[in-house]
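As a plain string of letters, each chain reads:
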Amino acid sequence: MKITVIGTGYVGLVSGVCFSEFGFNVTCVDNNLSKIESLRKGIVPIYEPGLDVLMSKNISAGRLEFSSNTQEAVKDTDIIFIAVGTPSQTDGSADLSYVFSAIEELSKSVNKDAVLVIKSTVPVGTTKSVKRFLLDRGIDIDVAFNPEFLKEGAAVDDFMHPDRVILGIESEKAKKVLSQVYRPLYVFNVPIVFTSLETAELSKYASNAFLAMKVTFINEIANLCEACNADVNDVALAMGLDKRIGDKFLQAGPGYGGSCFPKDTSALSDFAKRFGVSMPLVEETIRSNNARRQKMVEKILRVCHGTVENKKISILGVTFKANTDDMRDSPSIEIIKALQKYGAKITIYDPSFSDQAKKAFENVSWGQNAYDSCNDADVVIILTDWTEFRAMNLKELRKRVGRPLLIDLRNIYNEKEVESSGFIYCSVGRAFNE
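Being a predicted model, the structure only gives us computed values, none of them experimental.

Basis of the calculations
- Residues numbered from 1 in each chain as written.
- Predicted model: local features only at pLDDT ≥ 70, side-chain atom pairs only at ≥ 80, totals over all residues.
- Heavy atoms only, no water.
- Pairing = 2+ DSSP bridges.
- Helix = DSSP H or I, 4+ residues; strand = E, 2+ residues; numbered from the N terminus.
- Contact = heavy atoms within 4.5 Å.
- Axes fitted to C-alpha atoms, helices over the stretch in contact; angles between N-to-C directions.
- Polar contact = N/O pair within 3.5 Å; in protein donor to acceptor, adjacent residues only side chain to side chain.
- Phe/Tyr/Trp six-rings, centres within 6.5 Å; stacked < 30°, edge-to-face > 60°.
- Buried < 20%, exposed > 50% of the residue type's maximum accessible area, 1.4 Å probe, protein only.
- Disulfide = S-S within 2.5 Å.
- Salt bridge = Lys/Arg side-chain N within 4 Å of Asp/Glu carboxyl O.
- Lys, Arg positive; Asp, Glu negative; His and termini not counted.
- Parallel < 35°, antiparallel > 145°, perpendicular 65-115°, else oblique.
- Left-handed = near helix turned anticlockwise from the far one by under 90°.
- Expected span 1.5 Å × (residues − 1).
- Core = buried A, V, L, I, M, F, W, Y, C linked by side-chain atoms within 4.5 Å.

K.L.:
Can you help me understand the sheet that holds strand β14 (residues 424–426) in this one?
P.N.:
Hydrogen bonds along the backbone pair up the strands of a sheet, which may run parallel or antiparallel. Spatially, β11-β10-β9-β12-β13-β14 is the arrangement adopted by the 6 strands of the open sheet, whose pairing is parallel. Edge positions in the sheet fall to β11 (365–366) and β14, since each of these pairs with one other strand and no more. By the bridge criterion, 3 bridges tie strand β12 (residues 379–382) to strand β13 (residues 405–408) in an arrangement that is parallel. Pairing of V380 across the sheet is with L406, part of β13. Across the sheet, helix α12 (residues 280–303) touches β12, β13 and β14, and the angle it forms with β13 is around 160 degrees. Lying on the sheet, helix α13 (residues 331–341) is in contact with β9 (312–316), β10 (345–349) and β12; it crosses β10 at an angle near 155 degrees.

K.L.:
Which parts of the structure should I look at to understand the environment of S332?
P.N.:
On the secondary structure map, S332 appears in helix α13. In this structure, the C-alpha to C-alpha distance between S332 and I412, residues 80 residues apart in sequence, is 17 Å. Ignoring any residue separated from it by four or fewer positions in sequence, one finds S332 in contact with V318, M327, F361 and L383. At 3.0 Å, the side chain of S332 and the side chain of S330 are in polar contact.

K.L.:
Sorry, what's going on with the packing of aromatic side chains here?
P.N.:
How two aromatic rings sit relative to each other is given by the distance of their centres and the angle of their planes. One pass over the structure, following the stated rule, counts 13 aromatic pairs. Note on F19 and F22: the rings are 6.2 Å apart at their centroids and 70 degrees apart in plane angle, and the pair reads as edge-to-face. With F19 and F22 both in helix α1 (residues 10–22) and 3 residues apart, this pair spans about one turn of that helix. There is no split in this pair, since F19 and F22 are both buried. Summarising the aromatic geometry, the rings of F22 and F159 are spaced 5.8 Å apart at their centres and angled 40 degrees between planes, so their arrangement reads as tilted.

K.L.:
Can you help me understand the state of the cysteines in this one?
P.N.:
Linking two cysteines covalently via their sulfur atoms produces the bond known as a disulfide. On inspection of all chains with the given rule, the structure shows 0 disulfides. Between C28, a free cysteine, and C18, which holds the nearest cysteine sulfur, the sulfur-to-sulfur gap is 10 Å. For C228, which is in no disulfide, the shortest distance to another cysteine sulfur is to C225 and amounts to 5.6 Å. Its relative accessible area of 46% is what places C228 among the partly exposed residues.

K.L.:
Help me understand the pattern of salt bridges in this model?
P.N.:
As a working rule, side chains carrying opposite charge can pair if their charged atoms are close by. All chains considered together, the criterion is met by 26 salt bridges. For K108, the salt bridge goes to E105, with nearest N and O atoms at 3.4 Å. Each of K128, E170 and E198 takes part in a single network of salt bridges with overlapping partners.

K.L.:
Explain the environment of K295 here, please?
P.N.:
Topologically, K295 is positioned in helix α12. Separated by 41 residues in sequence, K295 and P254 have C-alpha atoms that sit 8.4 Å apart.

K.L.:
Looking at this model, I keep getting lost on the side chain of S15. Mind explaining?
P.N.:
Inspection of the secondary structure assignment puts S15 in helix α1. Within polar-contact distance, the side chain of S15 engages the backbone oxygen of V11 at 2.8 Å.

K.L.:
What am I meant to see in the environment of P87 here?
P.N.:
Its place among the elements puts P87 in the loop between β4 (79–82) and α5 (97–106). Between the C-alpha atoms of P87 and E65, which are 22 residues apart in sequence, the distance is 27 Å. Residue contacts for P87: discarding those within four places in its chain leaves S93, A94, D95, Y98 and K263.

K.L.:
Would you mind showing me how to read the side chain of K311 here?
P.N.:
Position of K311 among the secondary structure elements: in the loop between α12 and β9. Buried and unpaired, K311 has no salt bridge, with D378 as the nearest side chain of opposite charge at 6.5 Å. Look past the residues within four positions of K311 in its chain and what remains in contact with it is C304, G343, A344, K345, D378, V379 and R403.

K.L.:
What's the story with the packing of α1 against helix α3 (residues 51–60) in this structure? I'm lost.
P.N.:
When two helices pack together, their arrangement is given by the angle between their axes and by how far apart the axes lie. Following both chains from N to C, one finds α1 and α3 inclined at 50 degrees, their axes separated by 9 Å at the closest point. Relative to α3, α1 is oriented oblique. Taken as a pair, α1 and α3 cross one another with a handedness that is left-handed. Contacts between α1 and α3 involve L13, V14, V17, S20 and E21 on the former and, on the latter, L51, L54, M55, K57 and N58.

K.L.:
Please clarify how helix α11 (residues 261–274) should be interpreted in this entry.
P.N.:
It helps to recall that an α-helix has 3.6 residues per turn; residues three or four apart then point in one direction. Helix length check: α11 (14 residues) gives 20 Å between terminal C-alpha atoms against 20 Å at 1.5 Å per residue, within 8%. The buried fraction of α11 amounts to 11 of the 14 residues, a majority that puts the element mostly inside the structure. Along its buried surface, α11 packs onto α9 (197–228) and α12.

K.L.:
How should I be thinking about the nonpolar core in this particular structure?
P.N.:
Looking at soluble globular proteins, one finds that nonpolar side chains tend to be buried together. Core analysis: the biggest nonpolar cluster contains 44 residues, and F19, I79, F81 and Y182 have the highest contact counts within it. Take this core: its biggest share by element is 8 residues, from α1. Those residues in contact with F19, other than ones at most four positions away along the chain, are I3, F24, V26, F81, F159, V181 and Y182. Counting residues in each nonpolar core, the second largest holds 38 residues, with A344, A360, L383 and I407 among its members.

K.L.:
I would appreciate a short explanation of unusual backbone geometry in the present structure.
P.N.:
Among all residues except glycine, the phi angle is most often negative; among peptide bonds, the trans geometry is most common. With a phi angle near 65 degrees, N310 is a residue other than glycine that sits in the positive phi range. Along the polypeptide, N310 turns up in the loop between α12 and β9. Positioned with a positive phi, N411 is a non-glycine residue whose angle comes to about 55 degrees.

K.L.:
In this structure, what is going on with the pairing of β12? I would like to understand it.
P.N.:
Remark: a regular strand shows side chains that alternate across the two faces of the sheet. Burial along β12 is two-sided: V379 and I381 and V380 and I382, pointing in opposite directions, are all buried. Where β9 meets β12, 4 bridges bridge the pair, whose relative direction is parallel. Within β12, the position partnered with S314 by the bridge is V380.

By themselves, these observations are geometric and do not establish any function.
Written out as structure tokens, the structure reads:
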């Protein structure tokens, strides 16, 4: 079976590489010529652990190739996955222009026996709109929807060992073809769920919105913990031990960011209104998360006695989460820019050494490691919970800083451990005692 994946962004590239690891012949297509040339050389444009190894392996095996020619790539393929971006527009709705641009291009030469699968996150009804779009051009092929549930930083493992695979279909042919595509997962007893197109489309948004609400909820509980002298880490532990709740996405911090939660909650709220449905929980999640960044700025200012003017602040981690170079809607952007507005001098160290990060900030210094970036710092702030920050030699770090204030916005340390190293320690959802 031959597979074509259109779009070599995060979802498209991971999917294409993993499909080739399953043993299929895969062509990944993108209209960015320089990107395609880099991929052909085995250069991975994103920071994703393990992806480079799998990609090189399957290029060498002859199962994975890259192309900038959509029409050539789809004319004799068996299944086509659309995995292009659907970013938010100014009104919060999903921008589907990349999806329909890809459909328009492939319609010129598509194999009419192929199955077309939308993998991009799209509002309910989009896949049927794609079907009508093709019918208007005299092309009658089977369409399906297959949402992705990949976590950045663990995407390869998520693809190879998913919790479930959701497949929205309208025909037995699509069911048969997609069953073959995901047959390698049967050995792991992965649930393969076939649904209507609309159900599959909504399942993606519903999942992300619910997880975004969990993040926002524990952050609001953290606010209460600070006021009533409780410990949000222990509250989250108590909650997470309840199997009905689970312990995932209950880590208090500066709020969610990235490429999915912000745009998907906004898009869900937007298209729900178009169906005449109000979603106040989702809307409040968006509002509360947007306010979270400013609340973190206020917290930093309060701990710094109301001012950071001319203070040297060392920031550890700026990507929206660990194990990725993704800066899209990262809380660090708003927080750092606000601190600069208040006169702080910023030094940043991020283990990804992300080009995205360097483009996101102006007038900052960049450290080569965590220790050097903290030399003579008045304040050290942990913004991203990279693993290497969890095992820092705090006594060594204490020797390097100018003033011993550590603000941990990811709660990765034990209060007594930090204070025994000579630091004043401020975290999230726990009382601060200077």
